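Read off the chains here:
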Amino acid sequence: MKTLMLGNEAVARGLYEAGCDFVSSYPGTPSTEITEAIAKYKEVYAEWAPNEKVAMEAAFGACLAGRRSFCGMKHVGLNVAADPLFTIAYTGVNAGMVIGVADDAGMHSSQNEQDSRHYARAAKIPMLEPADSAEALHFAKLAYELSETFDTPVLLKMCTRVSHSQSVVELGERIEARKTYEKNPQKYIMMPGNAKKRHPFVEERTKKLTEWAENCEINRLEEGRDHAVGIITSSTAYQYVKEVLGDTYPVLKLGMIFPMPEKKIRDFAASVEKLIVVEELDSFIEAHCKNMGLTVSGKDIFPCIDEFSQNLVADKLQIEKDAAGIPLDEAIPARPPVMCAGCPHRGLFYTLAKNKITALGDIGCYTLGAVPPLGALDTTICMGASVSGLHGFTKALKGAADGKAVAVIGDSTFMHSGITGLVNVAYNESNATVIIVDNSITGMTGHQQNPTTGFNLKGDPATKIDLETLCRAVGIRRVRVVDPYDLKQTEDAIKEELAANEPSVIISRRPCALLKYVKHNKPVSIDAAKCVGCKMCMKIGCPAISMEGGKAMIDTTLCTGCNVCTQLCKIGAMKKGEEA
Amino acid sequence: MKTKNIMIVGVGGQGSLLASKLLGRLLLTRGYDIKVSEVHGMSQRGGSVVTYVRFGDKVYSPVIDKGEADYIVSFELLEAARWTEYLKKGGTIVTNTQQINPMPVITGAAQYPAELVEKMQSAQLKVEAIDALKLANEAGSAKAVNIVLMGHLSRHFDFELTEWMDAIEKSVPAKFLDLNKKAFLLGREA
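What you see is a predicted model, and the numbers here were worked out from it, not measured in a lab. (Residues numbered from 1 in each chain as written. Chains lettered and ligands numbered in written order. Predicted model: local features only at pLDDT ≥ 70, side-chain atom pairs only at ≥ 80, totals over all residues. Heavy atoms only, no water.)

Peer 1: Teacher, can you tell me more about the overall build of chain A here?
Peer 2: Check the secondary structure of chain A and you find 19 helices and 22 strands. The C-alpha atoms of chain A give a radius of gyration of 27 Å, which matches the 25 Å a tight globule of 580 residues would have. Buried residues in chain A amount to 59% of all 580 residues. For chain A, restricting intrachain contacts to residue pairs at least 6 apart in sequence, the fraction spanning at least 24 positions comes to 75%. Split by element, the accessible area of chain A, about 23000 Å² in all, is 54% carbon and sulfur. Charge centroids of chain A, computed over 64 positive and 70 negative side chains, lie 5 Å from each other. (Helix = DSSP H or I, 4+ residues; strand = E, 2+ residues; numbered from the N terminus. Rg over C-alpha atoms; globule rule 2.2 N^0.38 Å. Buried < 20%, exposed > 50% of the residue type's maximum accessible area, 1.4 Å probe, protein only. Contact = heavy atoms within 4.5 Å. Areas by Shrake-Rupley, 256 points an atom, 1.4 Å probe, with all protein chains shown as cover. Lys, Arg positive; Asp, Glu negative; His and termini not counted. Charge placed at Lys NZ, Arg CZ, Asp CG, Glu CD.)

Okay, structure coming up:
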């Protein structure tokens with residue numbers, strides 16, 4: 001049967017058809033839908049782990065037990081899981097193990113633009129790189145064969161445009177591929193004596209995989225009419241090249257990006273007058289060609305920044321293409337993403353900004369607290385960095401920052417890697433105030449459950465980690481909960497905890513306004529006769545409030561009646577939205 | 001067949017994913033090669049969003065570049081104006097006349113440009129503007145703006161009405177089926 005599937009759904013289908021039994025992942029755009037899609041196959045156990053390291057280790061345990069396993073993450077998630085990655089490279093697998101990693105060239109929803117292909121070379125693990133949904137499905141299955149044949153985990157590298165593009169796939173049947181576990185200390189206990197013996201195995205394995213790469217069908221030559229130029233490419237860059245060139249020049253399309261073939265590339269180079277590598281982000285294929293001593297163009301023509309497109313490829317290869325359309329001679333205001341109307345984070349960020357508090361931020365919807373008019377955040381680095389960063393910030397200033405700085409971290413991010421930072425705060429005693437913005441869901445990636453929500457990936461009830469108890473257990477004595485819709489309560493709590501001479505945690509708790517079970521109030525209404533146009537209500541950056549003819553106006557289709565704005569109206573022109 | 005390119009643009013949360021799903025279902029039954037590129041993640045939060053739908057004998061790139069779109073379907077007026085460079089010579093813009101203020105306009109840092117339909121027309125762009133919000137409300141929900149505009153777009157293709165209806169049935173939950181069919185027809189007749 002032929003159907004349309006997102007690249008991520010196609011990976012899930014490939015895992016399913018390959019007989020994958022166990023999936024553990026942490027959500028992260030653009031990788032999230034792989035795990036959401038696999039959870040819909042009842043034959044497969046699938047879960048959200050607290051973080052990527054835990055997910056990878058769990059997937060390793062499952063493959064050790066003899067079940068084909070998978071873990072999925074975004075590019076920065078692979079940094080978190082890098083520790084097990086480099087040693088699972090040595091142990092190899094029992095049943096097959098596949099690691100999905102999705103890069104985000106163009107940073108549609110990420111804090112950096114790192115190129116995950118370097119991990120394959122660094123950890124000496126083979127990496128496959130599909131260019132559309134059909135390949136995503138095919139490569140996911142192939143990855144298990146390679147994993148078991150060569151005794152290695154296999155990286156499956158996606159990117160935003162492959163993950164989030166639908167294209168046509170052909171569906172197949174699921175197979176069973178189970179093994180039994182047998183104790184094998186020399187293979188699985190990586191203490192120096194054993195690891196020293198495994199390292200040569202890894203090097204030998206890469207040689208064997210290189211031989212495989214010479215003849216495999218996924219590194220394919222597509223002939224061209226003109227051999228003046230030959231192009232080596234992979235992933236979406238391949239699609240842009242073909243879109244622009246058709247069959248003008250021959251193309252060597254690499255499906256396995258590590259290890260790469262040598263003879264195949266040398267033969268290809270010899271068949272063309274000029275060799276050009278077209279690849280997004282860093283020089284990787286190009287560097288391989290240069291290491292082989294070939295003369296090659298690549299990053300001298302193409303940028304290592306941002307994603308590509310057909311017009312960019314045409315421009316760099318100096319190919320004629322349709323002219324751009326007509327831009328309108330008009331200043332078009334930007335439309336950046338904003339916190340939703342009714343977002344529980346808004347009241348908290350308004351309070352932080354109002355009191356000019358330094359706020360070290362983290363990764364999630366609440367990063368939008370940095371956007372004007374709130375402008376309430378000072379940093380965003382990586383998952384968990386707010387808590388550990390605040391510890392360093394307060395310690396380094398030897399008390400001078402006490403009472404002036406906080407960390408802001410979401411519920412899911414706190415469980416991911418905020419808790420270890422809090423342990424450090426307690427153990428090494430910094431006078432830090434950590435605010436956990438608990439909206440009862442993993443928001444930014446599209447509402448995934450996490451250990452604090454009481455539900456699991458499949459939607460079934462699950463153990464709910466109690467944040468208050470957890471914070472107290474690591475040694476924080478001052479732990480309190482506030483409702484961020486109540487501005488006074490929120491402000492009082494922040495002031496009191498900042499004034500206290502010991503570490504504290506404030507849990508700002510209110511479920512995400514987009515959750516289905518959250519009931520909205522009737523919209524706020526405005527008494528135009530009373531409104532003096534002071535714009536106090538505009539300070540919270542709510543998309544449901546605007547000014548029309550010098551008076552505040554409520555977009556009743558957006559307003560959820562959270563009544564944060566009504567608390568700012570000093571002249572009583574705003575009427576609270578009552579319960580619907 | 002030369003690849004056809006449709007861009008669906010709007011504001012995050014307006015339902016562009018459903019519109020592209022509907023198109024995908026329809027085109028699949030015709031046996032085309034198809035690529036639909038979507039936006040997930042941060043941009044969905046009220047930001048400017050764009051979905052690319054491409055179909056033909058063989059489609060390579062998942063995205064539509066400047067000067068390539070046969071149609072731009074816009075769920076919001078400012079968004080139509082934002083993407084005109086992507087329209088191919090002779091292409092058509094199908095836009096909702098509804099205006100949603102972006103944050104810079106809300107905060108007073110920028111102005112929402114006036115008379116955008118007229119300005120696009122005087123720039124020699126082919127524009128079909130309809131009040132899709134009004135029609136969606138008429139059909140029973142403001143959320144059906146996406147389907148109203150798909151209805152209007154359908155006038156440009158030679159697919160049978162039954163094929164569109166079939167695709168709607170496969171794309172929306174049963175309880176919203178009548179509403180969406182009505183919205184589609186109102187858009188098609190507008």
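Peer 1: I keep staring at the environment of A:Asp486 and nothing clicks. Help me out?
Peer 2: Residue and element names in this part refer to chain A. Take Asp486: it is sitting in the loop between β17 (478–482) and α19 (487–499). For the pair Asp486 and Lys242, spaced 244 residues apart in the sequence, the C-alpha separation amounts to 56 Å. Separated by 3.3 Å, the side chain of Asp486 and the backbone nitrogen of Lys488 make a polar contact. A polar side-chain atom of Asp486 sits 3.1 Å from the main-chain amide nitrogen of Gln489. (Polar contact = N/O pair within 3.5 Å; in protein donor to acceptor, adjacent residues only side chain to side chain.)

Peer 1: What is the right way to look at the pairing of strand β7 (residues 154–159) of chain A in this model?
Peer 2: Regular strands place their side chains on alternate faces of the sheet. Residue and element names in this part refer to chain A. Summarising burial for β7: six of the six residues are buried, a large majority. Of the two faces of β7, the one lined by Val154, Leu156 and Met158 and the one lined by Leu155, Lys157 and Cys159 are each fully buried. By the bridge criterion, six bridges tie strand β5 (residues 97–103) to β7 in an arrangement that is parallel. In the sheet register, Asp103 faces β7, and the bridge partner there is Cys159. Where strand β6 (residues 127–128) meets β7, two bridges bridge the pair, whose relative direction is parallel. In the sheet register, Met127 faces β7, and the bridge partner there is Leu155. As a crossover connection, the stretch from β6 through helix α7 (residues 133–150) into β7 is right-handed. (Pairing = 2+ DSSP bridges. Right-handed = clockwise from strand over helix to strand, strands pointing away.)

Peer 1: Can you help me understand the layout of surface pockets in this one?
Peer 2: Take a probe with the size of a water molecule and roll it over the atoms, and the empty space left behind shows itself. All names here are of chain A. Roughly 550 Å³ of volume is contained in the second largest pocket. Put simply, the parts of the chain that give the lining of the second largest pocket at least two residues each are α4 (75–80) and α17 (411–427). Per-class residue counts for the lining of the second largest pocket are 14 nonpolar, 20 polar and three charged. Two domains each donate at least three residues to the lining of the second largest pocket, and these are domain 1 (2–215) and domain 3 (345–509). (1 Å grid on protein atoms, 1.4 Å probe; cavity = no way out; pocket = protein on both sides within 12 Å on 5 of 7 lines; lining within 4 Å. Points joined across faces, edges and corners; volume = space filled by probe spheres on them. Nonpolar A, V, L, I, M, F, W, Y, C, P; charged D, E, K, R; others polar. Domains from an automatic or database assignment.)

Peer 1: Explain the packing of helix α1 (residues 7–17) of chain A against α7(A) here, please?
Peer 2: All names here are of chain A. Where α1 contacts α7, the axes come no closer than 7 Å and their chain directions differ by 35°. For α1 against α7, the interelement crossing comes out right-handed. Residues Gly7, Ala10, Val11, Arg13, Gly14, Leu15 and Glu17 of α1 form the contact with α7, whose own contacting residues are Ser133, Ala136, Leu137, Ala140, Lys141 and Tyr144. A per-class count over the contact of α1 with α7 returns seven nonpolar, three polar and three charged. (Axes fitted to C-alpha atoms, helices over the stretch in contact; angles between N-to-C directions. Left-handed = near helix turned anticlockwise from the far one by under 90°.)

Peer 1: For this particular structure, what's the right way to read the interface of chain B and chain A?
Peer 2: One widely used convention gives an interface's size as the accessible area the parts lose upon coming together. At the junction of the two partners, chain B supplies 54 residues and chain A supplies 58 residues. Summed over both sides, the interface of chain B with chain A buries roughly 4600 Å², with 59% coming from carbon and sulfur. Counting across the chain B and chain A interface gives five salt bridges. Across the salt bridge formed by B:Lys119 and A:Glu330, the nearest N and O atoms sit 3.1 Å from each other. Our count for the contact surface shared by chain B and chain A stands at 23 residue pairs in polar contact (both at pLDDT 80 or more). Looking at the side of chain B that touches chain A, the elements that each hand over two or more residues are α1 (16–29), β2 (33–37), β3 (48–56), α2 (77–82), α3 (103–106) and α4 (116–122) of chain B. Broken down by element, the residue count for the side of chain B that touches chain A peaks at five residues, all from β2(B). Inspection of the sheet shows strand β8 (residues 165–170) of chain A paired to β2(B) by three bridges, in the antiparallel sense. Counted as the bridge partner of A:Gln166 is B:Val36 from β2(B). (Buried area = accessible area lost by both parts, 1.4 Å probe. Salt bridge = Lys/Arg side-chain N within 4 Å of Asp/Glu carboxyl O.)

Peer 1: Would you take a moment to explain the pattern of salt bridges for this structure?
Peer 2: Once their charged atoms are close, side chains differing in charge can pair, the charge on each being opposite to the other. Counted by the stated rule, this structure contains 41 salt bridges over all chains. A salt bridge links B:Arg54 to A:Glu243; its shortest N-O distance comes to 2.8 Å. One end of the pair, B:Arg54, is in strand β3; the other, A:Glu243, is in helix α11 (residues 235–245), on a second chain. Taking relative accessible area as the criterion, B:Arg54 reaches 2% and is therefore assigned buried. Between A:Lys290 and A:Glu286 there is a salt bridge whose closest N-O contact spans 2.8 Å. Here A:Lys290 pairs with A:Glu286, and both are found in helix α13 (residues 285–291), just four residues apart, close to one helical turn. Owing to a relative accessible area of 46%, A:Lys290 belongs among the partly exposed residues under this scheme. Taking the relative accessible area as the measure of exposure, A:Glu286 reaches 2% and is therefore buried. What you see here is one network of salt bridges that share partners, running through A:Glu135, A:Arg220, A:Glu222, A:Lys242 and A:Lys253.

Peer 1: I keep staring at the side chain of A:Glu129 and nothing clicks. Help me out?
Peer 2: Residue and element names in this part refer to chain A. With respect to the helices, strands and loops of the structure, Glu129 is situated in the loop between β6 and α7. Reaching out from Glu129, the side chain makes a polar contact with the side chain of Lys157 at a distance of 2.6 Å. Excluding residues that lie within four positions of it along the chain, Glu129 makes contacts with Arg117, Glu135, Phe139, Lys157, Ser234, Ser235, Lys253, Leu254, Gly255 and Ile257.

Peer 1: What am I meant to see in the sheet that holds strand β2 (residues 22–25) of chain A here?
Peer 2: Two pairing modes exist for strands in a sheet, parallel and antiparallel, and in both the strands are linked by backbone hydrogen bonds. Residue and element names in this part refer to chain A. With mixed pairing, the seven strands of this open sheet are ordered in space as β3-β2-β4-β5-β7-β6-β12. Looking at which strands have only one partner, the edges of the open sheet turn out to be β3 (45–48) and β12 (256–258). Examined bridge by bridge, β6 and β12 share two bridges and lie antiparallel to one another. Within β12, the residue paired with Leu128 across the bridge is Met256. Against the sheet, α7 touches β4 (69–74), β5, β6, β7 and β12, its axis set at about 165° to β7.

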